[in-house]
Amino acid sequence: MSLHDDAVLVLKSYEDQEELRRLYLDHLAAHPDGMWKACEAGHVTASALVVDPERGRVLLTLHKKLGMWLQMGGHCEPGDATLAAAALREATEESGISGLTLLPGGPVRLDRHPIPAPCHWHLDVQYAALAPPGAVEEISEESLDLRWFAYDEVADVADTSVVRLLELTRATLVAGRRA
């Protein structure tokens, strides 16, 4: 199965954000290259919010190009077998933390945002990654900084997309404890 096919299956099984989900699926139907950076009409990206639920904190990266505190993530690569694998690879590379695991249940949310030309849109599929006990971060060349923030500090440093991703991640964590 191709990464494109995996993304279609992931999006078909995603049960929230119906209008945005449909837009992603329509984009992939119209663009066989819609998983790759070269697709100038926009492309699917994969990201993961690194959380440490035991300590009530989240790891954000100060993005080198954007100068914003964001979750880890980026472009899919030919070696990525699945969208989840791409998100986990990005989170591991950008955080320097080995042993991250994705929160079960698939993506937490979708976020479509404009980017500078020549491409126009990132269609981000956002996951959450759980940090192992004693995780130690290491700044990558893509970041200006990495920092752990308490859950209640995130709204002071990050945009609404990251805040919403954290809210939904926390709700998923709480629901998982009840299951």
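Reading the values: rules and limits
- Residues numbered from 1 in each chain as written.
- Predicted model: local features only at pLDDT ≥ 70, side-chain atom pairs only at ≥ 80, totals over all residues.
- Heavy atoms only, no water.
- Axes fitted to C-alpha atoms, helices over the stretch in contact; angles between N-to-C directions.
- Helix = DSSP H or I, 4+ residues; strand = E, 2+ residues; numbered from the N terminus.
- Parallel < 35°, antiparallel > 145°, perpendicular 65-115°, else oblique.
- Left-handed = near helix turned anticlockwise from the far one by under 90°.
- Contact = heavy atoms within 4.5 Å.
- Nonpolar A, V, L, I, M, F, W, Y, C, P; charged D, E, K, R; others polar.
- Buried < 20%, exposed > 50% of the residue type's maximum accessible area, 1.4 Å probe, protein only.
- Pairing = 2+ DSSP bridges.
- Salt bridge = Lys/Arg side-chain N within 4 Å of Asp/Glu carboxyl O.
- Expected span 1.5 Å × (residues − 1).
- Arc of directions from axis to C-beta.

Caption draft 1: Looking closely at the packing of helix α1 (residues 3–13) against helix α2 (residues 18–30). Two numbers describe how α1 lies on α2: the axes approach to 10 Å, and their chain directions differ by 155 degrees. Put simply, α1 runs roughly antiparallel to α2. The element α1 and its partner α2 pack so that their crossing is left-handed. In contact with His4, Ala7, Val8, Leu11 and Lys12 of α1, α2 contributes Arg21, Tyr24, Leu25 and Leu28. In terms of residue class, the contact of α1 with α2 is built from 6 nonpolar, 1 polar and 2 charged.

Caption draft 2: Examining the pairing of strand β2 (residues 57–63) more closely. Across the 7 residues that make up β2, a large majority, 6, are buried. As paired elements, strand β1 (residues 43–52) and β2 share 3 bridges and run antiparallel to each other. Each residue of the ladder has a partner; that of Asp52, found in β2, is Arg57. Hairpin connection between β1 and β2: a loop of 4 residues separates the two successive antiparallel strands, and Gly56 in this loop has a positive phi of roughly 60 degrees. The sheet contact formed by β2 and strand β8 (residues 143–150) spans 7 bridges and is antiparallel. Counterpart to His63 in the pairing with β8 is Ser143.

Caption draft 3: Representation of the pattern of salt bridges within the structure. For the structure on display, the rule yields 10 salt bridges. Between Glu93 and Arg89 there is a salt bridge, with its nearest N and O atoms 3.3 Å apart. With a gap of 4 residues between them, Glu93 and Arg89 both fall in helix α3 (residues 83–95), about one helical turn apart. Take Glu93: its relative accessible area is 39%, and that puts it in the partly exposed class. Under the relative-accessibility criterion, Arg89 is labelled buried at 16%. Overlapping salt bridges bring together Glu77, Asp80, Arg89, Glu90 and Glu93 as one network.

Caption draft 4: Representation of the pairing of strand β6 (residues 109–114) in the model. As defined by bridge partners, β6 adjoins strand β7 (residues 121–130) across 6 bridges and the pair is classed as antiparallel. From the neighbouring strand, Pro114 faces β7, where its bridge partner is Trp121. Connecting β6 to the antiparallel partner β7 that follows it, the hairpin turn spans 6 residues.

Caption draft 5: Seen up close, α2. The terminal C-alpha atoms of α2 lie 18 Å apart, and with 13 residues this matches the ideal 18 Å at 1.5 Å per residue to within 8%. Listed in full, the buried residues belonging to α2 are Leu20, Arg21, Tyr24, Leu25, His27 and Leu28. In an axial view of α2, the angular spread of the buried residues amounts to 155 degrees, which keeps them on one side of the axis. Counted as exposed and oriented over 90 degrees from the buried face of α2: Glu19, Ala29 and Ala30.

Caption draft 6: Seen up close, the side chain of Gln126. Take Gln126: it is sitting in strand β7. Residue Gln126 is classed as buried on the basis of its relative accessible area, which comes to 0%. If near-sequence neighbours (up to four positions away) are discounted, Gln126 is found in contact with Ser47, Gln71, Pro107, Val108, Arg109, Leu110, Asp111, Ser161 and Leu165.

Caption draft 7: Summary view of α3. Here α3 spans 18 Å end to end across 13 residues, near enough to the 18 Å set by a 1.5 Å rise per residue. Where α3 is buried, its residues contact α1, β1, β2, β4 (72–75), β7 and β8. Residue Gly96 follows α3 closely and has a positive phi angle near 75 degrees.

Caption draft 8: Quick look at the environment of Val163. Among the secondary structure elements, Val163 is positioned in helix α5 (residues 160–178). Taking the C-alpha atoms as reference points, Val163 and Ser98, 65 residues apart in sequence, are found 25 Å from one another. Non-local contacts of Val163, meaning those with residues more than four positions away in its chain, are made with Val154, Ala155 and Ala158.

Honestly, it's all geometry; don't read function into it.
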